[in-house]
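Residue-level structural notes
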Amino acid sequence: MGAGCGPDGAAGGGGSGAGGGGGEGGSAPIVTVLHPDREPLPGQTECTVTISKNLPFEGHTHVPVCTPVEYGTNPPSSGNHWPIWAEFRTFDAPVPREMLVHNLEHGAVVMRYRCDDGCPDVVDAFEQASADFGADELCLLSPENADRSRIVIAPDPKLDAPIGLSAWQATYTATCLDPESIQDFIESTYGKGPESLCKQGKDPADPSTGVPACGS
């Protein structure tokens with residue numbers, strides 16, 4: 001399979017677009033650690049926010065659907081991925097990371113969470129952050145009725161921290177809810193993938209949309 005994808009999601013020439021963060025080399029990662037005056041989430045002892053930008057480029061080649069891929073950051077921030085991507089919306093169940101990395105390539109911000117009770121307060125905060133970010137003109141012009149912005153919200157049991165956001169070559173992890181730094185991360189990393197697309201993706205829970213039940 002080729003690197004990147006064309007407008008229809010087919011394999012094709014990739015590479016960094018305007019404002020993109022793709023490409024090998026570049027400066028060293030920039031890591032910022034914050035300690036906002038917020039209550040830590042259940043099971044955590046302190047409020048810590050870690051923001052990493054300019055992370056290493058791990059590739060962007062398409063691999064067959066259902067092929068597992070290991071990523072160098074948690075949550076993933078670039079790398080090889082499936083040729084299909086997830087719908088830009090909120091999911092109640094985990095979405096394959098190999099789909100979400102494709103969303104990142106299209107300039108998305110993926111907002112994930114890990115907890116035992118479904119984290120309704122975290123999900124509410126994420127959805128508020130998405131609403132505050134507002135509409136993306138590229139999405140509003142989509143003929144396939146993509147959501148209003150390239151933001152995905154989903155649980156992820158593989159996270160090391162209870163909160164994990166990612167964009168292309170950037171991550172945000174936290175042990176607390178800090179709306180200000182979440183919003184700053186979205187504003188500063190949104191649309192930075194090497195391909196700027198807002199075509200609607202697939203529902204990973206619905207095989208009829210083109211996502212097979214891997215391993216079944």
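You'll find the structure just up there.
Note that the structure is predicted; figures quoted are calculated from it, not measured.

A word on the packing of aromatic side chains
Under the definition given, this model contains four aromatic pairs. Ring geometry for Phe57 and Trp168: centres 6.2 Å apart, planes at 55°, overall tilted. Of the two residues, Phe57 is situated in the loop between strand 2 (49-53) and helix 1 (97-105) and Trp168 in the loop between strand 5 (163-167) and strand 6 (170-174); the sequence distance between them amounts to 111 residues. Trp168 sits in the buried class, given a relative accessible area of 4%.

Quick look at the sheet that holds strand 2
The strand order across the open sheet formed by six strands is 1-2-6-5-3-4, and the pairing between neighbours is mixed. Edge positions in the sheet fall to strand 1 (30-34) and strand 4 (151-155), since each of these pairs with one other strand and no more. Strand-to-strand twist in this sheet, taken as the mean axis angle between neighbours without regard to direction, amounts to 10°. Bridging between strand 1 and strand 2 involves five bridges; their strand directions are antiparallel. Paired with Leu34 across the strands is Val49, a residue of strand 2.

Observations regarding the packing of helix 2 (residues 120-133) against helix 4 (residues 179-189)
The N-to-C vectors of helix 2 and helix 4 enclose an angle of 45°; their axes lie 10 Å apart at closest approach. Considered as vectors, helix 2 and helix 4 are oriented oblique to each other. Remark: the crossing between helix 2 and helix 4 carries right-handed chirality. Residues Phe126, Ala129, Asp132 and Phe133 of helix 2 form the contact with helix 4, whose participating residues are Ile182, Gln183, Ile186 and Glu187. Tallied by class, the residues present in the contact of helix 2 with helix 4 amount to five nonpolar, one polar and two charged.

Comments concerning the state of the cysteines
In this structure the tally under the stated criterion is four disulfides. Each disulfide pairs two cysteine sulfurs, and for Cys139 the partner residue is Cys198, the sulfurs being separated by 2.0 Å. Between Cys139 and Cys198 the sulfur-sulfur dihedral comes to about 95°; the bridge is accordingly right-handed. Placement of Cys139 in helix 3 (residues 137-140) and of Cys198 in the segment after helix 4 is noted, with a sequence separation of 59 residues between them. When sorted by exposure, Cys139 lands in the same class as Cys198, which is buried. Here the disulfide map of the protein chain reads 1-6, 2-8, 3-4, 5-7, the bonded cysteines being numbered as they appear in the sequence.

With respect to the side chain of Thr189
Here Thr189 is to be found in helix 4. Leaving out residues up to four positions away in the same chain, Thr189 has contacts with Lys53, Val109, Ala167 and Ala170.

Calculation criteria
Residues numbered from 1 in each chain as written. Predicted model: local features only at pLDDT ≥ 70, side-chain atom pairs only at ≥ 80, totals over all residues. Heavy atoms only, no water. Phe/Tyr/Trp six-rings, centres within 6.5 Å; stacked < 30°, edge-to-face > 60°. Helix = DSSP H or I, 4+ residues; strand = E, 2+ residues; numbered from the N terminus. Buried < 20%, exposed > 50% of the residue type's maximum accessible area, 1.4 Å probe, protein only. Pairing = 2+ DSSP bridges. Axes fitted to C-alpha atoms, helices over the stretch in contact; angles between N-to-C directions. Parallel < 35°, antiparallel > 145°, perpendicular 65-115°, else oblique. Left-handed = near helix turned anticlockwise from the far one by under 90°. Contact = heavy atoms within 4.5 Å. Nonpolar A, V, L, I, M, F, W, Y, C, P; charged D, E, K, R; others polar. Disulfide = S-S within 2.5 Å.

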